[in-house]
Amino acid sequence: KRTTDFRTLMFYLLKKPMKAAEIKKQVLAELDTWMSAFNAKDLEAWSKTHNFPHVRIAGGKLTYWHSREEYIEYFSKPDMFESLKALGWHHSKWVSRDFDLITKYKVHVSVVFQRYNSDNKLHSKFEALYILTKENEKWGIQFRSSLAP
């Protein structure tokens, strides 16, 4: 009986890290999709990496979008990518993505990303906290608190 209890305990202890590793893998893939869509200047694809309602705190204000359509409209007028380009932005890259909290349906990821100009020279660097949630079996960014403007 004691061996069975120990085996059962070890099974659950070893099973949890594997779940966390799988969650991390899925979340990192979603963040990669987010960055790829952002760099491709594809607002439709980028918005699909978010869950709604979506909240962003940046530039000293909190912005809340109820739906994907509202989100796309907000970033289309004026065109966010054209505004960034006017500031010298060409593309961005992740520097780090550290997991602060992992649960089955919610993850907190502290991220650092850098923006580059068209010569691939560093333009700016920012820290942020992204909270991803799992809805309908899909991870998406639901909340961002960023030091980026």
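As a convention, each chain's residues are numbered from 1 in the sequence order in which they are written. Per-residue local features are limited, in this predicted model, to residues with pLDDT of at least 70; the limit for side-chain atom pairs, both in listing and counting, is 80 or more; totals at the level of whole chains, interfaces and linings are taken over all residues. As a rule here, side-chain values cover all heavy atoms of the structure and leave hydrogens and water aside.

**Remarks on the overall build of the chain**
Working step 1: The helix count covers DSSP runs of H or I at least four residues long, the strand count covers runs of E at least two residues long, and both are numbered beginning at the N terminus. Looking only at helices and strands, the chain features four helices and six strands.
Working step 2: Counting across all 149 residues of the chain, residues that qualify as buried make up 37%.
Working step 3: Should any heavy atoms of two residues lie within 4.5 Å, those residues are counted as being in contact. Long-range pairs, those at least 24 residues apart, make up 52% of the contacts in the chain with a sequence separation of at least 6.
Working step 4: Using a 1.4 Å probe, accessible areas were evaluated by the Shrake-Rupley method; residue-level cover was limited to the displayed protein chains. Carbon and sulfur atoms provide 56% of the accessible area of the chain, an area that totals close to 9,300 Å². Each residue is placed in one exposure class: buried if its accessible area under a 1.4 Å probe, protein chains only, is under 20% of its type's maximum, exposed if it is over 50%, and partly exposed if it falls in between.

**Remarks on the confidence of the model for the chain**
Working step 1: Within a predicted model, pLDDT stands for the predictor's per-residue confidence, ranging from 0 to 100. When pLDDT is averaged along the chain, the result is 92, and 88% of the positions lie at 70 or above.
Working step 2: Per-element averaging of pLDDT across the chain places helix H1 (residues 2-39) at the bottom with 80 and strand S4 (residues 106-116) at the top with 98.

**Considerations on the packing of aromatic side chains**
Working step 1: Working definition: rings of Phe, Tyr and Trp (its six-membered ring) pair if their centres are within 6.5 Å, and the pair is stacked with planes under 30 degrees apart, edge-to-face with planes over 60 apart, and tilted otherwise. Throughout the structure, instances matching the rule amount to 20 aromatic pairs.
Working step 2: Where Phe38 meets Trp46, the ring centres are 5.3 Å apart and the plane angle is 50 degrees; that geometry is what we call tilted.
Working step 3: Overall, the relative accessible area of 6% leaves Phe38 in the buried class.
Working step 4: A relative accessible area of 1% places Trp46 in the buried class.
Working step 5: With a centroid separation of 6.0 Å and 75 degrees between ring planes, the pair formed by Trp94 and Tyr130 is classed as edge-to-face.

**Concerning helix H3 (residues 68-76)**
Working step 1: Along H3, the positions that sit buried rather than exposed are Tyr71, Ile72 and Phe75. Looking straight down H3, one finds its buried side chains confined to an arc of 95 degrees; they lie on one side. Residues of H3 that are exposed and point over 90 degrees away from its buried face: Glu69 and Glu73.
Working step 2: Those residues of H3 that are buried lie in contact with helix H2 (43-47), strand S1 (50-58), strand S2 (61-65), helix H4 (80-86) and strand S6 (138-146). The directions from the helix axis to the C-beta atoms form the arc being described.

**Quick notes on the pairing of S1**
Working step 1: Taking burial as the measure, the nine residues of S1 include seven buried ones, the bulk of the element.
Working step 2: Strands are labelled as partners when DSSP assigns at least two bridges between them. Inspection of the sheet shows S1 paired to S6 by four bridges, in the parallel sense. Residue pairing in the sheet places Val55 in a bridge with Phe143 of S6.
Working step 3: Bridging between S1 and S2 involves five bridges; their strand directions are antiparallel. Residue His54 lies in a different strand from S2, and its bridge partner there is Trp65.
Working step 4: Where S1 hands over to S2, the hairpin turn is made up of two residues, of which Gly59 adopts a positive phi near 60 degrees.

**Some words on the environment of Glu30**
Working step 1: Structurally, Glu30 can be placed in helix H1.
Working step 2: By relative accessible area, which is 12% here, Glu30 ends up buried.
Working step 3: Sequence separation between Glu30 and His50 is 20 residues, and the spatial gap between their C-alpha atoms is 9.4 Å.

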